[in-house]
There are 2 protein chains.
Amino acid sequence: MEICQTIDSFRAVLAEARRTGRTIGLVPTMGNLHAGHASLIDRAAADGHFVAVTIFVNPTQFGPGEDFARYPRTPTEDLELCRGHGAAAVFMPTVDEMYGEKGVTTVSVASLTGGLCGRSRPGHFDGVCTVVAKLFNIAGPEAAYFGQKDAQQCAVIARMIADLNFPIRMVICPTVREADGLALSSRNRYLSPAERQQAPQLYAALKLAASMVPQGTTDANRLAAAIADHLARLAPLGKIEYVEIVNPHSLSPVQQVDRPVLAALAVRFDSARLIDNMRVEPEPSGG
Amino acid sequence: MEICQTIDSFRAVLAEARRTGRTIGLVPTMGNLHAGHASLIDRAAADGHFVAVTIFVNPTQFGPGEDFARYPRTPTEDLELCRGHGAAAVFMPTVDEMYGEKGVTTVSVASLTGGLCGRSRPGHFDGVCTVVAKLFNIAGPEAAYFGQKDAQQCAVIARMIADLNFPIRMVICPTVREADGLALSSRNRYLSPAERQQAPQLYAALKLAASMVPQGTTDANRLAAAIADHLARLAPLGKIEYVEIVNPHSLSPVQQVDRPVLAALAVRFDSARLIDNMRVEPEPSGG
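On a predicted model such as this, the values are computed, not experimentally measured, just so you know.

**Points about the domain arrangement of chain A**
Residue and element names in this part refer to chain A.
Step number 1: The domain boundaries assigned to chain A delineate domain 1 (2-173) and domain 2 (186-279).
Step number 2: Spacing between the C-alpha centres of domain 1 and domain 2 amounts to 26 Å.
Step number 3: Counting residues at the interface gives 12 residues for domain 1 and 14 residues for domain 2.
Step number 4: When grouped by side-chain class, the residues that make up the side of domain 1 that touches domain 2 number six nonpolar, five polar and one charged.

Spelled out as structure tokens, the structure:
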């Protein structure tokens, strides 16, 4: 496994892989890798690619009050995980290597980034899009792998790829969860024991809403209210930031579950802000 | 010469060229090609590339009051010129092909786009950067060719390429001029005979300023004033929009010509807005 810290050396490794006929599968991460990231690497390898993992805690996607400084950095364990899952190359640049001469160029996806997480994290998705565009241009991958856990990020990047004609296939992999349902996230480690105990209720609340649809509740407001009620009762340490039922592509709010929708939520515990989401399908109409 | 109207067919032509070992030289244009564009094609061919010319009057870089509708469109003559200069492929997409599902993604280069032409054309450079990023991703060229005539555009795109890590060599070619000094531009055809007669004074004014530097005038304000004075006297049909002496890369105003600078100006005639610029070098310091 090649470990690269400069753009040039990473490009050289990928160019050599191409010379031997390989295609590139890119797995962009911020490190502190867990089984969710591993599933992306596994999928990229299963798709036959030369798997390139990037590990970069991108400062431009963190807001002023956010956790950039304390975001967990675990390079030794990360490299071990990458190796164990068959990654072929890992790119671990410094901030200076990525943004040396301070960048003044921004990629923005309007209309998908104002709601949900974008409401409380202004500028976050500009930072995400810009660094992902940079990584796309650095690596030139045939495919790029992202986790459904970050549903808004997936929708935004899908739109950026389409709008800017990146010749890249985006593969979105299912959220990986703990046995009790908590979606894997590097920020779970911030949780206090009591918060950790309540955190699985995010997933439980989403499952509850999904189960109401086949029973005839298709009104989005009622579903959102049921989620909020569940969280208020069973995860009282968390403050609900949003619960929304939206179109999975445009992220616009929907009124009725008459086609597949995304139920998405963010909950702020004292020590960590957690997000989760679930695709909810309408019942097939009787015929 | 291959003529392509869809992204897919253009990509297929370029992929075939690559299979035969060719590199791609991209010449992005808005059509109505003249000797300035021809010089870009010639240079790309001389550099050994498979030369791909794009012809697309990009609506997103025109402001509400600007000349998008009447911008000259001369596809037959354009194709003849491309063929005559050895272009290998021409991409002429419709607006729908480029922006079908209305794009919501924008590429912006802050700090280089607020001054000079950006002041009177808000959003213009976002439109330019976004369409150029699209064309880069569609064609994946090794090199891209632009004319020095559009100096701010060159600085902005150079910055976008650097900031977003496009693996593309940008080649900036000298401004091509009429015998009387007027920089070639598709908009010259809008000029009335009287305006056309005065238009060469833009270049004459820039040359005047450049000639003052070796004679000891290095104060940027005095140079700009000399240009403005020249224009007021000899091109009175034109209204000066700006005359500025700036750093050629950052486009920030400079006070002294103590290193190479860019003298840039825009003049608004009744029937057309013209721009021109000249790189001005300081005298080598005596020893």
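**Details of the interface of chain A and chain B**
Step number 1: Facing the 23 residues of chain A at the interface are 23 residues of chain B.
Step number 2: Put simply, the parts of the chain that give the side of chain A that touches chain B at least two residues each are strand E5 (105-109), helix H6 (124-139) and helix H7 (151-163) of chain A.
Step number 3: The element contributing the most residues to the side of chain A that touches chain B is E5(A), with five residues.
Step number 4: Looking at the side of chain A that touches chain B residue by residue, the class counts come to 12 nonpolar, eight polar and three charged.

**Here we look at the packing of H6(A) against H7(A)**
All names here are of chain A.
Step number 1: Taken N-terminus to C-terminus, the directions of H6 and H7 make an angle of 50°; their axes are 10 Å apart at the nearest point. Viewed along their axes, H6 and H7 adopt a mutual orientation that is oblique. The hand of the H6/H7 crossing is right-handed. For the pair H6 and H7, the contacting residues are Phe125, Val128, Cys129, Val132 and Ala133 in the first and Gln153, Val156, Ile157 and Met160 in the second.
Step number 2: Here the residues of the contact of H6 with H7 sort into eight nonpolar, one polar and no charged.

**Considering the packing of helix H9 (residues 201-212) of chain A against helix H10 (residues 220-234) of chain A**
Residues and elements named next belong to chain A.
Step number 1: Contact pair H9 / H10: the axes reach a minimum separation of 9 Å and the direction vectors enclose 145°. By crossing handedness, the relation of H9 to H10 is classed as right-handed. Facing H9, whose interface residues are Gln201, Ala204, Ala205, Leu206, Leu208, Ala209 and Met212, H10 presents Leu223, Ala226, Ile227, His230, Leu231 and Leu234.
Step number 2: Partitioned by chemical class, the residues of the contact of H9 with H10 number 11 nonpolar, two polar and no charged.

**Section: the confidence of the model for chain A**
Step number 1: Scored by pLDDT, chain A comes out at a mean of 96, with 99% of its residues at no less than 70.
Step number 2: Across the interfaces of the predicted complex, the ipTM metric reaches 0.95, alongside a pTM of 0.96.

**Regarding the sheet that holds strand E1 (residues 2-4) of chain A**
Residue and element names in this part refer to chain A.
Step number 1: If you trace the six strands from one edge of the open sheet to the other, you get E1-E4-E3-E2-E6-E7, paired in parallel fashion. Strand pairing shows two members of the sheet lacking a second neighbour, E1 and strand E7 (169-173), which therefore form its edges. When the angles between neighbouring strand axes are averaged without regard to direction, this sheet yields 25°.
Step number 2: Running over the sheet, H7 touches strand E6 (143-147) and E7 and is turned about 170° from E7.

**Some points on unusual backbone geometry**
Trans is the prevailing form of peptide bonds, just as negative phi is the prevailing case for residues other than glycine.
Step number 1: At Leu251(A), a residue that is not glycine, the phi angle is positive and equals roughly 65°.
Step number 2: Residue Ser111(B) is not a glycine yet carries a positive backbone phi of 75°.
Step number 3: Here Ser111(B) lies in the loop between strand E5 (105-109) and helix H5 (117-120).
Step number 4: Note on Ser111(B): 14 C-beta atoms within 10 Å, which makes it partly exposed.

**Thoughts on the environment of Ala199(B)**
All names here are of chain B.
Step number 1: Mapped onto the fold, Ala199 is located in the loop between helix H8 (193-198) and helix H9 (201-212).
Step number 2: Residue Ala199 is classed as buried on the basis of its C-beta count, with 25 C-beta atoms lying within 10 Å.
Step number 3: Taking the C-alpha atoms as reference, Ala199 lies 29 Å from Ala144; in sequence the two are 55 residues apart.
Step number 4: Residues within four places of Ala199 in sequence aside, it is in contact with Leu182, Leu191 and Leu274.

**Some thoughts on the sheet that holds strand E10 (residues 273-280) of chain B**
All names here are of chain B.
Step number 1: Here three strands make up an open sheet; going across it, the order is E8-E9-E10 and the pairing antiparallel. Unpaired on one side and paired on the other, strand E8 (239-246) and E10 mark the two borders of the sheet. The average angle at which neighbouring strand axes cross in this sheet is 10°, direction not considered.
Step number 2: In the sheet, E8 pairs with strand E9 (residues 261-268) via seven bridges, with the strands oriented antiparallel. Bridge pairing in E9 links Val243 to Leu265.

**Examining the nonpolar core**
One broad trend across soluble globular proteins is that nonpolar side chains are buried collectively.
Step number 1: By size, the foremost hydrophobic cluster in this structure holds 170 residues, and its most contacted members are Ala52(A), Ala263(A), Ala52(B) and Ala263(B).
Step number 2: Contacts of Ala263(A), omitting those with residues within four sequence positions, involve Leu206(A), Ala209(A), Leu223(A), Ile227(A), Ile245(A), Asn277(A), Met278(A) and Val280(A).

**Re the relation of the copies chain A and chain B**
Step number 1: Mapping chain A onto chain B is achieved by rotating through 180° and translating by 0.0 Å along the same axis, at an RMSD of 0.0 Å. Both chain copies can therefore be described as sitting about a two-fold axis. For chain A, the minimum C-alpha distance to the rotation axis belongs to Val107(A) and amounts to 2.3 Å.
Step number 2: When you check the interface residues of chain A against chain B, 100% turn up at the interface there too, and the contact is symmetric in its surfaces.

**As for the pairing of E5(B)**
Step number 1: For E5(B), a buried count of five out of five residues is recorded, marking the element as mostly surrounded by other parts of the structure.
Step number 2: Taking every second residue as pointing to the same face, both faces of E5(B) are buried, with Thr105(B), Val107(B) and Val109(B) on one and Thr106(B) and Ser108(B) on the other.
Step number 3: The pairing of E5(A) with E5(B) spans five bridges and is classified as antiparallel. From the neighbouring strand, Thr105(A) faces E5(B), where its bridge partner is Val109(B).

Basis of the calculations
- Residues numbered from 1 in each chain as written.
- Chains lettered and ligands numbered in written order.
- Predicted model: local features only at pLDDT ≥ 70, side-chain atom pairs only at ≥ 80, totals over all residues.
- Domains from an automatic or database assignment.
- Contact = placed C-beta atoms within 7 Å.
- Nonpolar A, V, L, I, M, F, W, Y, C, P; charged D, E, K, R; others polar.
- Helix = DSSP H or I, 4+ residues; strand = E, 2+ residues; numbered from the N terminus.
- Axes fitted to C-alpha atoms, helices over the stretch in contact; angles between N-to-C directions.
- Parallel < 35°, antiparallel > 145°, perpendicular 65-115°, else oblique.
- Left-handed = near helix turned anticlockwise from the far one by under 90°.
- pLDDT = per-residue confidence, 0-100.
- Pairing = 2+ DSSP bridges.
- Buried ≥ 20, exposed ≤ 12 C-beta atoms within 10 Å, placed from the backbone.
- Core = buried A, V, L, I, M, F, W, Y, C linked by C-beta atoms within 7 Å.
- Least-squares fit on C-alpha atoms with pLDDT ≥ 70 in both.

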